[in-house]
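# Close look at the chain arrangement
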Amino acid sequence: MKTKFALLLIFLFSVHAFAQDILISGSVISAEDNIVVPGVNVIVRGTSRGVSTDFDGNYSITVTKGETLEFSSLGFKTVSVQIDNQTILNISLEPDIASLDEVVVVGYGSQKKADLTGSITTIKSEEITQAPVAQAMQALQGKVAGLQIVNSGSPGQSPTVRVRGIGSYNSGASGPLYVVDGMFFDNIDFLNSADIASVSVLKDASAAAIYGVRAANGVILIQTNSGKLNQKTQITYDGYSGVQIAQNVLKLANAEQFTTIALESGSAPDAQFILNAMQRYGRSRVNPNIPDVNTDWYDQITRQALITSHSIGITGGGEKATYAVGANYFGQEGILDMKNEYERFNIRTKLDFEATDWLKVGTNMVLSNATRYDPEGSAWRVAYFAVPIMPVFDPNNAEFAPTNYASATDLGYRGDQNPLHLLNFSENRLKIRNVLANVYAEISITDKLKFKTAYNHNLETIEGRNVRLPFDTSSENDYERPISTITKQNITNSNQIWDNTLTYKNLFGKHDLTVLLGTSFRDESSELLRAQGSGFPSNEEAFYLDQATAFEDPADGGRREFGLSYFTRVAYNFDGKYLLYGTFRADGTNKYQEKWGYFPTVGVGWVVTGEEFMQNNGVFDFLKLRASWGELGNDKVPSSEGSITSQVVETALGDIRFSGLNTSSDFTALKWEVTEEINVGLTARLFDNNLSVEADYYVRDTKDAVIPVERPLIPGVTRQNVGEIRNSGFEVALDWTKRVSNDFSYSIGANFSTLKNEVLDLNNETGFLDAGSAEFRQRSIIGEPLFAFYGREVIGVYQNDAEIQADPVAVANNLVPGDFKYKENGGDPNTIDDDDRVVLGSFLPTYQFGVNLGFNYKAFDLSISALGQGGNKILNRKRGEVIFTNDTNVDRDFAINRWHGEGTSNSYPSAAAIRKGWNQRLNSYFIEDGDFFRIQNITLGYTVNKNSKSDKIPTIRVYLTAEKPLTVFNYNGFNPEVSNGVDNQTYPIPAVYTAGVNVKF
């Protein structure tokens, strides 16, 4: 009996020993940079037992052998480990950028990505800081489907940003709203890219409608860097320097080609100008029939330019407070060889503090001080037209001041043509200062109800100074610019917003409900003071108005606008499968006669993979169908304005003269432009969550569009809300990520979007509205794109006299071989006139695409991005301006491909023909394809101490970047990025090559 009892005790002890608790401890780091991750949830699967990693990423937890530990944290993939006999368990978490649990900022709040019903794309800071650019939006080019960004090479200039096309006839009324930590902006030039944590693009009405009248053209939400609770102080430095090189420099006709064209033109004066150049500068030893001068003017006005950036950031947090402090210096020279540069210095602070268990307060401040020297814009145009048979300097002009630059007037030409005068005797300076201050308080009334009040103030001052110094150009014109002038302009912009929101959030059973109520008050004002003086000394110390001897009348003006809004939002989720989202906003303003606008939206979603029939389907890990409808307002249209005018008129009836009074009203009674949008789409994750898919189709109609309308019986036009414009298209984004091994991972991303822009209604009898100049006509026609190019269609070039005699049109217009042959598009087949004009294309691309590749191998990382667009046209107005002057240079493409005999060309006119009015009418020859493909960015990096577990040794990453190293296109210009499609003097976009280092302590 005793033996049996002893055996039973041994058995029970063995069972207890087998099932006894095990103390597991370890640390959690990020696989990307080996930095510890605090706040990671460490949970025993199937239980409520769990802990979180501490300040140093460490944890300890008691488990039983055979149980499974799950390690999860926002932005990382969840790791599961079954416990055997381990006592030490260190975990490395891989980033999960496309995580469905990721929280996305949606305006006055946030949502999980899985719960979204609208079209929102979020870009992380890592993708933004890769590009060496002055403005963060430039880095988003090609990364977001449906987002068009048109860059400029000029230092510090804002890019043109369009979300899903153009929905307004008014220039400048189609840009998106920028919201930086709750503050509204029209651009974010002042913001340092390194301070940005994420950028969310709200594309459809459902996503953007919470911002009401400011959101008709899309919303760009920007969150700046913050610290984290229980985070050790982290110090980061990121700096780079490099060089900018002009690429795709347009080739102009050289001296030999120019001489040939001048002689072929049949112009006696032009032939004489060639002789004058040979007499003044000698004959070429290679070809004695041309002058001994061959100036490449683009080479003379361009340079290699430096670019540099240095940023330092400090983030961290304790148990109740988080902080972030940053500073940045950015400097960029322009490739135009003059005082053309941009410098910006930024300081940013952000503090959040949990004062009590029911009160949280915070403040955020950005100080930005920038100085920008803008280019003398006409220099590119002057260089294009400057004749190559003139040198930069002319020793015969030694008496001219202050420099003996050559002048084309000395050869007989009508203009000076030397762009160096403009570069060296002009200065355009802007001092731009921004102060953004934000303070908020959040009160937890209950665990489900929170109240937040936030005050934002942005104060911007712009001090402009434009200086023009005198210079002497030729013996025939004593002074091309006889006197110095200075124009000073000071602008002060103030923008204040006070938001109050009440948020109720409750999770009960299978129901997840969030309700938001809010009010917003805004006060916007602007003041301007401008004055101009002349006759001051030419040294910079005298660039002040009090040094001038003569003055023009100053200008002094301003505006002030108020707005009050009420809004609400409901987000409902049932069982993680059925989603409902709705907003309503009422906006009031003193800007228009119609004081209030009302903008509702609704969105629905169905998580198909939440259904039982989709379980274990083998393809979709997640599939959501979504649809939304909504209305938005556009308050970027200029405010209502006008006056009543009276004019005395006289007329004769018989032999008697009568006098009368003609009274007219120019008042514009405007209301909101309203954008109505329908969006349907899907979100999917496939193949073990390696592939993510976002696809959308949308139709966006701008109703009550403000357009100019002719008044019956009264000359002139007035603006009215009578137009309608449609933008529609398809967008898709694909992203594949795969970790092949511990040493190698890769990612592939691609996006593609289409756009169809068309005018639906103009409320006039003609069915069209003209824009542009009479020589370069653009026309908005019902059924066609907005501001389409409108002219004659070239179908060939007359090759010989027999072809001329066989065509009544050619005979009637005294045409000769080398002239254009136009297509007859209606009316009299024997006549070509304005009735034969047709739409020649639009400057809006019909499709865009972007590709992103990323590779990581051990300590090396490589990223490559590319983009492109097509279907758009560019008006090459530089070529077209031959209508205004004939004795200038031409581009080399025309010089090589011109018609100069039967069979030599059927698309280019002859040198003589291009000077005739018949061939100078706007036609398809001047309208060129704007398609292009570009390697946008290549970055190669190497991380030192990547696997170091010591917080005393910094992680150092060195990298090389090539930004825009290759652009492929057929357009005859520097680059095909022309914001409005009319290329008169577009600033070239350079390739940028930099080397940099990133250090994290």
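Every chain is numbered independently, its residues counted from 1 as its sequence is written. In view of the model being predicted, local features appear only for residues whose pLDDT reaches at least 70, and side-chain atom pairs are presented and counted only at 80 or more, with totals across whole chains, interfaces and linings using the full set of residues. Values shown for side chains rest on all heavy atoms present in the structure; no hydrogens or waters enter the calculation.

An unreviewed UniProt entry lists the chain under the name TonB-dependent receptor, with Jejuia spongiicola given as the organism. UniProt positions are given in the numbering used here, feature names are shortened, and annotations may be inferred rather than shown by experiment. Checking UniProt for the chain, the heading Subcellular location (unreviewed entry) contains the comment "Cell outer membrane". The UniProt entry for the chain carries the following comment under Sequence similarities (unreviewed entry): "Belongs to the TonB-dependent receptor family."

## Side note on the overall build of the chain
Looking only at helices and strands, the chain has 13 helices and 50 strands in total. Computation of the radius of gyration draws on C-alpha atoms alone. For the globule rule, the value is 2.2 Å times the number of residues to the power 0.38. Taking 2.2 N^0.38 as the reference for a compact globule, 1001 residues should give roughly 30 Å; the C-alpha atoms of the chain span a radius of gyration of 34 Å, in line with that estimate. C-alpha atoms of the chain, sized along the principal axes, occupy 140 × 75 × 70 Å. Exposure categories follow from relative accessible area, calculated using a 1.4 Å probe and restricted to protein chains: below 20% of the type maximum is buried, above 50% is exposed, and the middle band is partly exposed. Expressed as a percentage of the 1001 residues in the chain, the buried residues total 51%. Long-range pairs, those at least 24 residues apart, make up 69% of the contacts in the chain with a sequence separation of at least 6. Accessibility throughout is a Shrake-Rupley quantity obtained with a 1.4 Å probe, and a residue counts as covered only by protein chains that appear here. Accessible surface computed for the chain: about 44,200 Å², of which carbon and sulfur atoms make up 55%. Put simply, DSSP H or I for four residues or longer makes a helix, DSSP E for two residues or longer makes a strand, and each gets a number counted from the N terminus. Residue contacts are defined here by distance: any two heavy atoms, one from each residue, within 4.5 Å place the two residues in contact.

## Observations concerning the side chain of Asn975
Of note, Asn975 is situated in the loop between strand S48 (955–969) and strand S49 (982–983). According to the relative accessible area criterion, Asn975 is buried, its value standing at 4%. A 3.5 Å cut-off defines polar contacts: any pair of N or O atoms within that distance qualifies, except that in protein one atom must be a possible hydrogen donor and the other a possible acceptor, and neighbouring residues in sequence count only when both atoms are side-chain atoms. Of note is the side chain of Asn975, whose polar atom sits 2.9 Å from the backbone nitrogen of Glu977.

## Regarding the UniProt feature "domain: TonB-dependent receptor plug" (unreviewed entry) in the chain
Under the UniProt annotation, "domain: TonB-dependent receptor plug" (unreviewed entry) lies at residues 113–219. Within residues 113–219, the helical portion is 8% and the strand portion 26%, while the C-alpha atoms at the span's ends are 17 Å from each other.

## Structural notes on the pairing of strand S4 (residues 58–64)
Burial along S4 is one-sided: Tyr59, Ile61 and Val63 are buried, and none of Asn58, Ser60, Thr62 and Thr64, which face the opposite way, are. Here strand S1 (residues 21–30) runs beside S4; their pairing, made up of seven bridges, is antiparallel. By the bridge assignment, Leu23 is partnered in S4 with Thr62. Whether two strands pair comes down to DSSP finding at least two bridges between them.

## A look at the pattern of salt bridges
Here, a salt bridge means any side-chain nitrogen of Lys or Arg that lies within 4 Å of a carboxyl oxygen of Asp or Glu. With the rule as written, the count across this model stands at 47 salt bridges. Between Arg522 and Asp587 there is a salt bridge, with the nearest N and O atoms lying 4.0 Å from each other. One end of the pair, Arg522, is in strand S25 (residues 511–534); the other, Asp587, is in strand S27 (residues 578–589), and 65 residues separate them in sequence. Taken as a pair, Arg522 and Asp587 share a single burial class, namely buried. The salt bridge involving Arg879 is made with Glu928; its shortest N-O contact spans 3.7 Å. Within this pair, whereas Arg879 is found in helix H11 (residues 877–880), its partner Glu928 is found in strand S46 (residues 927–929), the two being separated by 49 residues in sequence. On the accessibility criterion, Glu928 (9% relative accessible area) is buried. Salt bridges sharing partners connect three or more residues here, namely Arg164, Lys203, Glu677, Arg700 and Glu731.

## Focus: empty space enclosed by the protein
Residues are said to line a cavity or pocket when one of their atoms sits within 4 Å of a point; the points come from a 1 Å grid over protein atoms alone, cavities being sets where a 1.4 Å probe fits but cannot get out and pockets being open sets with protein on both sides within 12 Å along at least five of seven lines. Grid points are joined across faces, edges and corners, and a volume is the space filled by probe spheres set on the points. Overall, the coordinates contain 13 cavities of 30 Å³ or more when judged by the stated rule. A volume near 220 Å³ is recorded for the largest cavity. If you go around the largest cavity, you meet 20 residues; those closest to its centre are Val882, Asn889, Val890, Phe894 and Ile914. The set of elements that each furnish at least two residues to the lining of the largest cavity consists of helix H4 (255–264), helix H7 (378–385) and H11. Looking at the lining of the largest cavity element by element, the count peaks at three residues for H4. Taken together, the residues that form the lining of the largest cavity break down as 12 nonpolar, four polar and four charged. The nonpolar class holds Ala, Val, Leu, Ile, Met, Phe, Trp, Tyr, Cys and Pro. Asp, Glu, Lys and Arg form the charged class, and all remaining residues, Gly among them, are polar.

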